[in-house]
Amino acid sequence: MTDEVLFDLDGKRVFVAGHRGMVGSAIARRLASENASILTVDRSELDLVQQASVEKWMTSNRPDVVILAAAKVGGILANTNYPAQFLYENLMIESNIIHAAHQVGVKKLAFLGSTCIYPKLADQPIKEDYLLTGPLEPTNEWYAIAKIAGIKLCQAYRKQYGSDFISAQPTNLYGPGDNYDLKASHVLPALLRKAHNAKLSDAKEMIVWGSGKPLREFLHVDDLADAVIHLTKRYSADDPINVGSGQEIRIADLATLICQIVGFDGELIFDKSKPDGTPRKLADTTRLREIGWRNARSLEEGVISTYKNALENNLLT
Ligand code: GFB
């Protein structure tokens, strides 16, 4: 693999599906520095779960490129509590968009999955080839099955119709536009919010879910957006491709880092009644590095800027 440009975004009409979400909005920000026009549509005008509406919108707007960042997402608890929505909505959104993209002759489509598609106990770091080699992590199997179906749709349309549809598998993401609702969020925004409020209320302690032992890899969403544009231009193959930072951290150490950044020095209490989820999830990013991409921000820099952004937007109280 090389870093040669295979697809030129110049002058293209790029539909960012999910542009209000954390990932879609980062991709729209990143696309602003390309010579391409960005197409978006609000949920009030187009419900991506409805096939006929998606086909109609795609036929009227005829994008050249689609970046499929729309999805029902959430942290470990939301995944456990809403299995039907995580499976159904994600299957519908990706099926509708990928099929309509084929119908209107989209020249390039980039589908965003997740590293939770890989087996719960996969060898580490996780190579793309480990897909479908073992049982999934039960706390997110519904979401994972939907995302695996999305990867397979891209592969099937490529195989049957020669469509240039690719799929990227990002690791755990964070950054501007994240969800800070403690019942639905991922760990990083949850801990930022908890630490901030613990500091404000002079609390003696702060609750961290699970044992604190699981390892996770985090990537700032602006780094992800840059990787997705890089891949849209330079990657054209069947296989999914991992997108990660290569930097992993224990949840307990992440909590300590966040408390230091926020300025909370109370005790961390681990609530073992909450699930740990998969023990470790580090993506092997050899393929991505061969195509000439690596991330710009360290976790610490990313958390500092995300905390600042959350404070400015009043998201923490
Ligand atoms: O980020 P998170 O919700 O999802 O949780 P996953 C990661 C780890 O952080 C788990 C722990 O071990 C949690 O128990 N944790 C500690 C907390 N405190 C908290 C807290 O206050 N809130 C949350 N949410 N977690 C998700 C999948 O898995 O990863 C999705 O469920 C998706 O499908 C996403 O793939 C990237 O990393 O376990």
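Let us look at the structure shown here. (Residues numbered from 1 in each chain as written. Predicted model: local features only at pLDDT ≥ 70, side-chain atom pairs only at ≥ 80, totals over all residues. Heavy atoms only, no water.)

1. Thoughts on the pattern of salt bridges
For the record, the criterion: We define a salt bridge as a side-chain nitrogen of Lys or Arg found within 4 Å of a carboxyl oxygen belonging to Asp or Glu. Counting from the N terminus, the helices are the DSSP runs of H or I reaching at least four residues and the strands are the DSSP runs of E reaching at least two. Residue burial is assigned from relative accessible area. The probe radius is 1.4 Å, only protein chains are included, and a residue is buried under 20% of its type maximum, exposed over 50%, and partly exposed in between.
A complete count under the given rule lists 17 salt bridges for this structure. Linking glutamate 34 and lysine 233 is a salt bridge whose minimum nitrogen-to-oxygen distance equals 3.0 Å. Here the residue glutamate 34 occupies a position in the loop between α1 (22–31) and β2 (37–39), and lysine 233 occupies one in helix α7 (residues 221–234), the gap between them amounting to 199 residues. One exposure class covers both glutamate 34 and lysine 233, and it is buried. The closest approach of N and O atoms between aspartate 239 and arginine 287, which form a salt bridge, is 3.7 Å.

2. Comments concerning the pairing of strand β4 (residues 108–112)
Convention followed: One requirement defines pairing of two strands: DSSP has to find at least two bridges between them. Here, the term right-handed applies to a crossover whose path from the first strand over the helix to the second runs clockwise when the strands point away from the viewer.
Burial of β4 is extensive: 5 of the 5 residues sit out of reach of the surface. Burial along β4 is two-sided: the face carrying Lys108, Ala110 and Leu112 and the face carrying Leu109 and Phe111 are both buried. The pairing of strand β3 (residues 65–68) with β4 spans 4 bridges and is parallel. In the sheet register, valine 65 faces β4, and the bridge partner there is lysine 108. Relative to strand β5 (residues 165–170), β4 runs parallel, the two being bridged by 4 bridges. Across the sheet, residue phenylalanine 111 finds its bridge partner in β5, namely serine 167. Since β4 and β5 lie parallel, the crossover through helix α5 (residues 141–161) that links them has a hand, and here it is right-handed.

3. With respect to the nonpolar core
Threshold: We call a set of buried Ala, Val, Leu, Ile, Met, Phe, Trp, Tyr and Cys residues a nonpolar core when their side-chain atoms join them within 4.5 Å. In this description, contact between two residues means that some pair of their heavy atoms is separated by no more than 4.5 Å.
With 39 residues, the main nonpolar core has Met58 and Leu109 as its most contacted residues. Put simply, the parts of the chain that give this core at least two residues each are β1 (13–17), α2 (51–61), β3, α4 (83–103), β4 and α5. Excluding residues within four positions of it along the chain, methionine 58 makes contact with Phe15, Pro63, Val66, Ile97, Ala100, Ala101, Val104 and Val106. With 32 residues, the next largest nonpolar core counts Val23, Ala168, Ala225 and Ile241 among its residues.

4. Some points on the environment of tyrosine 118
Looking at the secondary structure, you find tyrosine 118 in the loop between β4 and α5. The sequence separation of tyrosine 118 and leucine 131 amounts to 13 residues, and the corresponding C-alpha distance is 5.2 Å.

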